[in-house]
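Coordinate inspection notes
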Amino acid sequence: LAKTTQPISMDSYEGQEVNITCSHNNIATNDYITWYQQFPSQGPRFIIQGYKTKVTNEVASLFIPADRKSSTLSLPRVSLSDTAVYYCLVAAATGTASKLTFGTGTRLQVTL
Amino acid sequence: DGGITQSPKYLFRKEGQNVTLSCEQNLNHDAMYWYRQDPGQGLRLIYYSQIVNDFQKGDIAEGYSVSREKKESFPLTVTSAQKNPTAFYLCASSMSGRTSTDTQYFGPGTRLTVL
């Protein structure tokens, strides 16, 4: 299973763009990259998923370079309500969901 | 509203007692999961089920038991054999569970405190 490394914490001001990078040096050919968001005392929520290049939805963008050894979650113009823990997960589409590993994530703190 | 519910939100039990946490979903998902989260930590998989009447151990199944008699329900029992049961318990479901790219939908969680 591909191991992921994320910063433990990040701080940002409201209105700024936030980029959280995840390293996954031993990512396999079949692996996808998925990001979840978790607010305190709640369950995680799916944000975005991608395989290569760039994926964008109404919440975030996911940038994946050609070598796929890292990925960057980009949150445009964050607000106080984006304060949460963000998890980067890497797993093969052919594997069962039991192979997903939620590490300690990145704790994002947004302030005024 | 479709979703996944867990009850109760907070649960207190005395040491040595078994306790059952409820998880129900009306998303018509085949797969369901139980995770444990300790303060400042990530989620650890306890048990998962890809289909009714079948379930598999996750990474930390010791001291826990589950059943999957109905598609909608996946209760978790924390037994007295679980050495450190105080934690935040999260239930999730996904469409099939046969692929790890399936989106998992999480419930609000149950915070269990053993006194």
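What counts and how
- Residues numbered from 1 in each chain as written.
- Chains lettered and ligands numbered in written order.
- Predicted model: local features only at pLDDT ≥ 70, side-chain atom pairs only at ≥ 80, totals over all residues.
- Heavy atoms only, no water.
- Helix = DSSP H or I, 4+ residues; strand = E, 2+ residues; numbered from the N terminus.
- Rg over C-alpha atoms; globule rule 2.2 N^0.38 Å.
- Buried < 20%, exposed > 50% of the residue type's maximum accessible area, 1.4 Å probe, protein only.
- Contact = heavy atoms within 4.5 Å.
- Areas by Shrake-Rupley, 256 points an atom, 1.4 Å probe, with all protein chains shown as cover.
- Lys, Arg positive; Asp, Glu negative; His and termini not counted.
- Charge placed at Lys NZ, Arg CZ, Asp CG, Glu CD.
- 1 Å grid on protein atoms, 1.4 Å probe; cavity = no way out; pocket = protein on both sides within 12 Å on 5 of 7 lines; lining within 4 Å.
- Points joined across faces, edges and corners; volume = space filled by probe spheres on them.
- Nonpolar A, V, L, I, M, F, W, Y, C, P; charged D, E, K, R; others polar.
- Buried area = accessible area lost by both parts, 1.4 Å probe.
- Salt bridge = Lys/Arg side-chain N within 4 Å of Asp/Glu carboxyl O.
- Polar contact = N/O pair within 3.5 Å; in protein donor to acceptor, adjacent residues only side chain to side chain.
- Pairing = 2+ DSSP bridges.
- Disulfide = S-S within 2.5 Å.

Section: the overall build of chain A
Along the backbone of chain A there are zero helices and nine strands. When the helices and strands of chain A are listed from N to C terminus, the series reads β-β-β-β-β-β-β-β-β. A compact globule built from 112 residues should have a C-alpha radius of gyration of about 13 Å, and chain A, at 13 Å, falls within 12% of that. Each of the three principal axes of chain A carries a C-alpha extent, and together these read 40 × 30 × 25 Å. By the burial criterion, 45% of the 112 residues in chain A qualify as buried. Here the contacts in chain A between residues at least 6 apart in sequence split such that 56% fall between residues at least 24 apart. As presented, chain A carries roughly 5,700 Å² of accessible surface, and 52% of it is formed by carbon and sulfur atoms. Mean positive and mean negative side-chain charge positions of chain A (9 and 7 charges, respectively) differ by 9 Å.

Quick word on the layout of surface pockets
As a volume, the largest pocket reaches approximately 310 Å³. Residue lining of the largest pocket: 20 residues in total, with Pro40, Ser41, Val85 and Arg107 of chain A together with Gln37 of chain B positioned closest to the centre. For the lining of the largest pocket, the secondary structure elements donating two or more residues are strand S8 (84–92) and strand S9 (106–111) of chain A. Looking at the lining of the largest pocket residue by residue, the class counts come to eight nonpolar, nine polar and three charged.

Some details on the interface of chain A and chain B
Taken together, the 23 residues of chain A in the interface contact 25 residues of chain B. Buried area between chain A and chain B, summed over both chains or domains, comes out near 1,800 Å², and the portion from carbon and sulfur atoms is 52%. Taken together, chain A and chain B are joined by zero salt bridges. Inspection of the chain A/chain B interface yields six residue pairs in polar contact (both at pLDDT 80 or more). Partitioning the side of chain A that touches chain B into residue classes produces 11 nonpolar, 11 polar and one charged.

Quick notes on the pattern of salt bridges
Residue and element names in this part refer to chain B. Following the criterion strictly, the structure yields three salt bridges over all chains and no others. Between Asp30 and Lys71 there is a salt bridge, and its shortest N-O distance comes to 3.3 Å. With Asp30 in the loop between strand S3 (19–25) and strand S4 (31–37) and Lys71 in the loop between strand S7 (64–66) and strand S8 (76–78), this pair connects stretches of sequence that are 41 residues apart. Overall, Asp30 belongs to the partly exposed group, its relative accessible area being 25%. The partner of Arg36 in a salt bridge is Asp38, with the nearest N and O atoms 3.0 Å apart.

Some remarks on the pairing of strand S6 (residues 54–57) of chain B
Direction of pairing for strand S5 (residues 43–51) of chain B relative to S6 of chain B: antiparallel, over a ladder of three bridges. Bridge pairing in S6 of chain B links Tyr47 of chain B to Lys57 of chain B.

A word on the state of the cysteines
Residues and elements named next belong to chain A. The final tally for this structure, using the stated rule, is two disulfides over all chains. Note on cysteine connectivity: Cys22 is disulfide-linked to Cys88, with sulfurs 2.2 Å apart. Looking down the S-S bond of the Cys22 and Cys88 bridge, the torsion is -80°, so its handedness is left-handed. Of this pair, Cys22 sits in strand S2 (residues 18–23) while Cys88 is found in strand S8, placing the two residues 66 residues apart along the sequence. Considered together, Cys22 and Cys88 belong to a single accessibility category, that of buried residues.

Observations concerning unusual backbone geometry
Here the bond from Ser7 of chain B into Pro8 of chain B is cis, since omega is -10°, no more than 30 degrees from zero. Mapped onto the secondary structure, Pro8 of chain B falls in the loop between strand S1 (4–7) and strand S2 (10–13). With a phi close to 60°, Arg68 of chain A is a non-glycine residue in the positive phi region. Residue position: Arg68 of chain A is located in the loop between strand S6 (61–64) and strand S7 (70–75).

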